[in-house]
Amino acid sequence: HLAALVLARGGSKGIPLKNIRRLAGVPLIGWVLRAACDAGVFHSVWVSTDHDEIEKIAKQFGAQVHRRSPEVSQDSSTSLEAIREFLNHHQEVDIIGNIQATSPCLHPSDLIKVADMIQKEGFDSVFSVVRRHQFRWSEVKKGENKMTEPQNLNPAKRYRRQDWPGELYENGSFYFAKRHLIEKGYLQGGKMAYYEMRAEHSVDIDIDIDWPIAEQRVLRFGYFGKERLKEVKLLVCSVDGCLTNGRIYVTEDQKEMISYDYRDIVGIDLLKKRGIQVRLISERDCSKTLSAMQLGCIAKASATNKLQVLEDWQKDMGLSWKEVAYLGNEESDVECLKKAGMSGVPADACAVAQKAAGYICKSSGGCGAVREFAEHIFLLLEKVNSARKQ
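Just so you know, the residues in each chain are numbered from 1, in the order the chain's sequence is written. At least 70 in pLDDT is required for a residue's local features to be given in this predicted model, at least 80 for side-chain atom pairs to be given and counted, and no such filter applies to totals for whole chains, interfaces and linings, which use all residues. Excluding hydrogens and water, the side-chain figures rest on all heavy atoms present in the structure.

A. Structural detail: the domain arrangement of the protein. What marks off one domain from the next here is an automatic or database domain assignment. Domain annotation for the protein reports domain 1 (2-133 + 163-221) and domain 2 (234-387). Domain 1 and domain 2 are separated by 37 Å when their C-alpha centres are compared. Contacts were defined at the residue level, with two residues in contact if any of their heavy atoms lie within 4.5 Å. Opposite the eleven residues of domain 1 that make contact, domain 2 presents nine residues. Two parts placed together each lose some accessible area under a 1.4 Å probe, and the buried area is that loss summed for both. Across the interface of domain 1 and domain 2, roughly 930 Å² is buried in total on both sides, 52% from carbon and sulfur atoms. Area buried by domain 1 at its contact with domain 2 is led by Arg 22, Leu 219 and Arg 220, which between them contribute 58% of it. Think of a salt bridge as a Lys or Arg side-chain nitrogen and an Asp or Glu carboxyl oxygen that are within 4 Å of each other. Linking domain 1 with domain 2 are zero salt bridges. Side-chain atoms alone can form a polar contact between residues adjacent in sequence; in general such a contact is a pair of N or O atoms within 3.5 Å, and within protein one must be able to donate a hydrogen while the other accepts it. Linking domain 1 to domain 2 there are zero residue pairs in polar contact (both at pLDDT 80 or more). By the criteria applied, helices consist of DSSP H or I runs no shorter than four residues and strands consist of E runs no shorter than two, each listed in order from the N terminus. Of all the elements, helix 6 (residues 211-221) adds the most residues to the side of domain 1 that touches domain 2, at six residues.

Now the structure itself:
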């Protein structure tokens, strides 16, 4: 019995609940669970956690949940301790594939090959590595009167990258091991082998502290599931609270005024240049305001049922839901956010809208959120184009 096991503690010294924070619209742990489930080589896929919300998301992505004890949920607890506890409760498991939740560019093809190595080729343990071309030097501590020494190079004859094979480093993506090794206190041992992953797939969130950079890497090189990706062809944007900041200014002669960010107008123009239609929707009667903004977009004001409007547009254009993106911010947008293939909200959206959205912008409504969401769409388009070329 080969079981995939993802360890996902609720506590984190760095980023609170990092394991379920959304990365490129998907909870971080969801990326590896999707790869593990789609690989088709595991008899069971598990998440070991001590947190209710992590348990909920793990089940949404098709995993079973092992509630770990407080004893192995401390900051000082090791992965090996948590794995051994899991095995004590699951005697049917013969081999553990410990997959790190912080490796969102993992692909099913990697897991399939490793499963063959340990099941068919007789290895007791297999772990992931990545090849790096980095020159190492000895450390000189402050105050020591020493010179640094080269560790893996001759400074008088430095290798060109193409002439040097580089070195192998653990990338922490996964560690497969048989039960008897783990029971002896080892994750690596016996007949060992490494599995070399492609450099572009070796994204480690523990190292890539800059979340936006990690998101771009995942959008370019991550695994998006068995279903073929489709280009976004329509973005529907809620006016109040997304294109604007939601504030309405009233003059003495009772005329309404709103403000918007020019960056968002640029974002709309860029989307249109890429062949993506942009349509606007509002619950208010803001037809005069939208006309004054001269955005050149089809708009629906006084929309009492936003979902019905969205469905009508989707059908009229002959689009699948995966080709529709939606940017909203209020409770009235929730059903639209759930239906759309790509959904986003500004940073200051209401809680229920944030929960329903696939992507939460760092910008607030009326302060660049539309432009930011447009950039997110462009990154997905790059992923689609890359997949087509492959």
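Right, picking up where we left off after that structure.
B. Here's a closer look at unusual backbone geometry. Its identity as a non-glycine residue notwithstanding, Ser 302 has a phi of 55 degrees, on the positive side. Structurally, Ser 302 is set in the loop between strand 14 (298-300) and helix 10 (306-316). Judged by relative accessible area, which is 37%, Ser 302 ranks as partly exposed. Only protein chains enter the area calculation, which uses a 1.4 Å probe; residues under 20% of their type maximum are buried, those over 50% are exposed, and those in between are partly exposed.

C. View of the packing of helix 1 (residues 28-39) against helix 4 (residues 108-119). A fitted line through C-alpha atoms serves as each axis, taken over the contacting stretch for helices, and the angle formed by two N-to-C directions is quoted from 0 to 180°. The geometry of helix 1 relative to helix 4 is characterised by a closest axis approach of 8 Å and an angle of 55 degrees between their N-to-C directions. Judged by the angle between their axes, helix 1 and helix 4 are oblique. For helix 1 against helix 4, the interelement crossing comes out right-handed. In this structure, helix 1 uses Ala 35, Ala 36, Asp 38 and Ala 39 to contact helix 4, whose residues at the interface are Pro 108, Leu 111 and Ile 112. Think of it as three bins: nonpolar holds Ala, Val, Leu, Ile, Met, Phe, Trp, Tyr, Cys and Pro, charged holds Asp, Glu, Lys and Arg, and polar takes everything else, Gly as well. Looking at the contact of helix 1 with helix 4 residue by residue, the classes come out as six nonpolar, no polar and one charged. Under this scheme an angle from 65 to 115 degrees is roughly perpendicular, one under 35 degrees roughly parallel, and one over 145 degrees roughly antiparallel; angles in between are oblique. Helix crossings are classified by the rotation of the near helix relative to the far one: an anticlockwise turn of less than a right angle makes the crossing left-handed, while a clockwise turn makes it right-handed.

D. Molecular detail of the pattern of salt bridges. In the structure shown here, the tally under the stated rule is 18 salt bridges. Where Arg 198 meets Glu 200, a salt bridge forms, and the shortest distance between an N and an O atom there is 2.5 Å. Residue class for Arg 198 comes out partly exposed when judged on its relative accessible area of 46%. For Arg 284, the salt bridge is made with Asp 240, and the minimal N-O distance between the two is 3.1 Å. One end of the pair, Arg 284, is in the loop between strand 13 (277-281) and helix 9 (287-293); the other, Asp 240, is in helix 7 (residues 239-243), and 44 residues separate them in sequence. Looking at Asp 240, the relative accessible area reads 19%, which means it is buried. What you see here is one network of salt bridges that share partners, running through Asp 52, Glu 55, Lys 59 and Arg 67.

E. Broad picture of the side chain of Ser 202. Structurally, the position occupied by Ser 202 is in the loop between strand 9 (192-196) and helix 6. Of note is the side chain of Ser 202, whose polar atom sits 3.3 Å from the backbone oxygen of Arg 198. Setting aside chain neighbours within four positions, we find Ser 202 in contact with Val 130, Asn 171, Met 197 and Arg 217.

F. Fine view of empty space enclosed by the protein. Here a cavity denotes a set of grid points, spaced 1 Å apart and computed over the protein atoms alone, in which a 1.4 Å probe fits but from which it cannot get out, and a pocket denotes an open set meeting protein on both sides within 12 Å along at least five of seven lines; residues with an atom within 4 Å of a point are reported as lining. Grid points are joined across faces, edges and corners, and a volume is the space filled by probe spheres set on the points. This model, assessed by the stated rule, comprises one cavity of 30 Å³ or more. Residues of the lining of the largest cavity, tallied by class, amount to two nonpolar, five polar and one charged.

G. Looking closely at the sheet that holds strand 16 (residues 342-345). Here we have six strands laid out as an open sheet, ordered 14-13-10-15-16-17, and parallel in their pairing. One side of each edge strand has no neighbouring strand; the edge strands of this open sheet are strand 14 and strand 17 (359-360). Of the strand pairs in this sheet, strand 10 (residues 234-238) and strand 15 (residues 324-327) are connected by four bridges, and their pairing is parallel. In the strand pairing of strand 15, Leu 235 is matched with Ala 325. Any two strands with at least two DSSP bridges between them are considered paired.

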